[in-house]
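Chain by chain, the residues:
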Amino acid sequence: MKYGIAIIGILVVLLLAWLVSSNRKEIKYKPIITMIVIQIVFSVVLLNTEYGYIIIQGISSFFNKLLEYASEGINFVFGGLANKGEAPFFLTVLLPIVFISVLIGILQYLRILPFLMKGIGWLLSKVNGMGTIESYNAVASLMVGQSEVFITLKKQLGLLPKQRMYTLCASAMSTVSMSIVAAYMTMLEPRYVVTALVLNLFGGFIIASIINPYEVKPDEDMLEIKDQRKQSFFEMLGEYILDGFKVAVIVGAMLIGFIALMAAINHVFELIFSISFQHLLGYLFAPVALIMGIPLSEAISAGEIMATKLVTNEFVAMLDLSGSSHEFSSRTLGILSVFLVSFANFSSIGIITGAVKSLNAEQGNVVASFGLKLLYGATLVSILSGIIVSLVL
């Protein structure tokens, strides 16, 4: 039964992407089928094998150790603020981003990260049927972030046509940056976070290949990574420390605003309609939950969390999932967890548009023009990842 629902779900997602395709005649079906098979294989390995368990445990232990190191600095500065037996979200989940940011900066400074991004990007381009720039951008978005990645391609942004800009932005919205993966792992099971990272990487190419197909000529596919001004090691450390702190503060501010706004809207809806806004959205997203393999008895509650992620952000939805009164089965928890690990929400449209616009005003306007289509595609990526996982859980 679950296999039949998953197959139907995959076909529905591909159909929804096909309906808004800019050039259906250019769609390359062989790479799409290949990448779906790769997604299924990775899901089976990571979630259902001993090797996958070892890999997940290794990655989880690595990030747990990073969180321990981060807590040393946090406790030194803020140790007296936490009440005994309590763990404030900002201190335990958000502030470790500062330390992770520093590590990313060091790997960038030593040229290890650019080497990995170019190498993995080149390998991906042999599978996805896309250009080297698109493949590099997807890996780079995963490692350095959805806005920072465009800095590395600054020299080429003005030369890229609209179709290629869409794919670059779609990758940035579909993936999540390594700097906040540790934060996700404090709210979700690490195995689902790691699995989602891999699935979204390929899912972004699958959906973009359908919504936005095009041919890249070899002479137009030259990858040139921008070298930033040479910094001293400690100058770089200071910059990445501050950048990490800015991310933590911004995420914290967004959580305060979004959670407060959601509470207010829920209260108003309950007074007027005797139903909360989130519960109403749950009904709208219930059909999506069903094609993802979530049982009918849990579909409305799951739809609430999915809708919360879309209209606010993934952190708000993860907090709702990890601390909610909903009693989900372990399978539904796994599907929802994978769905939530992406930047597919309305606020990301502004973040990506602003990042591109700061580097190239004309291209920023181009990105703004397909903002909703970008969100539509990234949401389909999250749904597809959830469906793939439902096959193996």
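All residue numbers refer to position in the chain's written sequence, counted from 1. Reporting of local features is limited, given that this is a predicted model, to residues whose pLDDT is at least 70; pairs of side-chain atoms are given and counted only at 80 or more, and all residues count toward the totals for whole chains, interfaces and linings. To get the side-chain values, take all heavy atoms of the structure and skip hydrogens and water.

Right, let's get into the side chain of Thr 353. Tracing the backbone shows Thr 353 in helix α18 (residues 346-359). Polar contact is defined as a pair of N or O atoms within 3.5 Å, subject to the rule that within protein one atom must be able to donate a hydrogen and the other to accept it, and that residues adjacent in sequence are counted only when both atoms are side-chain atoms. Looking at Thr 353, its side chain comes within polar contact range of the main-chain oxygen of Ile 349, at 2.7 Å. Between two residues, a contact is recorded if the distance between any of their heavy atoms is within 4.5 Å. Discounting residues that sit within four places of it in the chain, Thr 353 has contacts with Gly 364, Val 367 and Ala 368. What counts as a helix is a DSSP run of H or I of at least four residues, what counts as a strand is a run of E of at least two, and both are numbered from the N terminus.

Glancing now at the packing of aromatic side chains. The aromatic pairing rule takes the rings of Phe, Tyr and Trp, using the six-membered ring of Trp, and pairs them if the centres are within 6.5 Å, calling planes under 30 degrees apart stacked, those over 60 edge-to-face and the rest tilted. Using the criterion set out here, one finds 9 aromatic pairs in the structure. Taking 5.4 Å as the distance between ring centres and 75° as the angle between the ring planes, the aromatic pair formed by Phe 62 and Phe 63 counts as edge-to-face. Taking the relative accessible area as the measure of exposure, Phe 62 reaches 47% and is therefore partly exposed. Residue class for Phe 63 comes out buried when judged on its relative accessible area of 5%. By way of ring pairs, the aromatic residues Tyr 109, Phe 233 and Phe 234 are connected into one cluster. When the NZ atom of lysine or the CZ atom of arginine is within 6 Å of a ring's centre and also within 35 degrees of its normal, the charge is said to sit over that ring. Between Arg 24 and the ring centre of Trp 18, over which it is positioned, the NZ or CZ distance is 4.2 Å. The ring of Phe 339 has Lys 309 sitting right over it, with the charged end atom 4.9 Å from the ring centre. For every residue, the accessible area (1.4 Å probe, protein chains only) is compared with the maximum for its type, and the residue is labelled buried under 20%, exposed over 50%, or partly exposed between those bounds.

With that out of the way, let us pick up the nonpolar core. Counting 125 residues, the largest nonpolar core has Phe 150, Met 165, Tyr 184, Phe 315 and Val 341 as its most contacted members. At 15 residues, helix α12 (residues 190-211) tops the list of elements feeding residues into this core. Excluding its chain neighbours within four sequence positions, the residues that come into contact with Phe 150 are Asn 137, Leu 157, Leu 168, Cys 169, Ala 172, Ile 352, Ala 355, Val 356 and Leu 359. Remark: nonpolar core denotes a set of buried residues (Ala, Val, Leu, Ile, Met, Phe, Trp, Tyr, Cys) joined through side-chain atoms within 4.5 Å.

Below, the discussion takes up the layout of surface pockets. Here the term cavity refers to a set of points on a 1 Å grid, laid over the protein atoms alone, in which a 1.4 Å probe fits but cannot get out; the term pocket refers to an open set having protein on both sides within 12 Å along at least five of seven lines, with lining residues being those that place an atom within 4 Å of a point. Grid points are joined across faces, edges and corners, and a volume is the space filled by probe spheres set on the points. What the largest pocket holds in volume is close to 870 Å³. Lining the largest pocket we find 33 residues, and of these Val 144, Gly 145, Ser 147, Glu 148 and Val 247 sit closest to its centre. When residues of the lining of the largest pocket are traced back to their parent elements, those giving at least two are α5 (96-109), α8 (149-152), α13 (233-273), α16 (314-323) and α18. The element contributing the most residues to the lining of the largest pocket is α13, with 9 residues. Here the term charged refers only to Asp, Glu, Lys and Arg, the term nonpolar to Ala, Val, Leu, Ile, Met, Phe, Trp, Tyr, Cys and Pro, and the term polar to all other amino acids, Gly among them. The residue inventory of the lining of the largest pocket, partitioned by class, reads 14 nonpolar, 14 polar and 5 charged. If you go around the second largest pocket, you meet 27 residues; those closest to its centre are Ile 59, Leu 142, Met 143, Met 178 and Leu 197. The set of elements that each furnish at least two residues to the lining of the second largest pocket consists of α2 (29-48), α3 (50-78), α5, α6 (112-128), α7 (132-144) and α12. Tallied by class, residues from the lining of the second largest pocket come to 27 nonpolar, no polar and no charged.

Moving on, we come to the packing of α2 against helix α20 (residues 371-392). At a closest axis distance of 9 Å, the pairing of α2 and α20 adopts a crossing angle of 55°. Put simply, α2 runs oblique to α20. The handedness of the crossing between α2 and α20 is right-handed. Residues Ile 36, Gln 39, Ile 40, Ser 43, Val 44, Leu 47 and Asn 48 of α2 form the contact with α20, whose participating residues are Leu 384, Ile 388, Val 389, Leu 391 and Val 392. Within the contact of α2 with α20, the residues separate by chemical class into 9 nonpolar, 3 polar and no charged. Helix axes are fitted only over the stretch in contact, all axes being lines through C-alpha atoms; the angle between N-to-C directions runs from 0 to 180 degrees. Every angle not falling under 35 degrees, over 145, or within 65 to 115 is termed oblique; those three ranges are roughly parallel, roughly antiparallel and roughly perpendicular. Crossings are sorted by hand: turned counterclockwise from the far helix by less than a right angle, the near helix makes the crossing left-handed, and turned clockwise it makes it right-handed.

We now examine the UniProt feature "transmembrane region" (unreviewed entry) in the protein chain. UniProt positions are given in the numbering used here, feature names are shortened, and annotations may be inferred rather than shown by experiment. Under the feature "transmembrane region" (unreviewed entry), the UniProt entry names residues 32-54, 89-110, 165-186, 192-216, 237-265, 271-296, 333-354 and 374-392. As a span, residues 89-110 carries 91% helix and 0% strand, and end to end its C-alpha atoms are 32 Å apart. Measuring from the first to the last C-alpha atom of residues 192-216 gives 34 Å, for a span that is 80% helix and 0% strand.

A rise of 1.5 Å per residue sets the reference length of α3, with its 29 residues, at 42 Å; its end C-alpha atoms lie 40 Å apart and thus fit the reference within 8%. Those residues of α3 that sit buried are Gly 52, Ile 56, Ser 60, Phe 63, Leu 66, Leu 67, Ala 70 and Ile 74. Every helix has an expected span of 1.5 Å times one less than the residues it contains.

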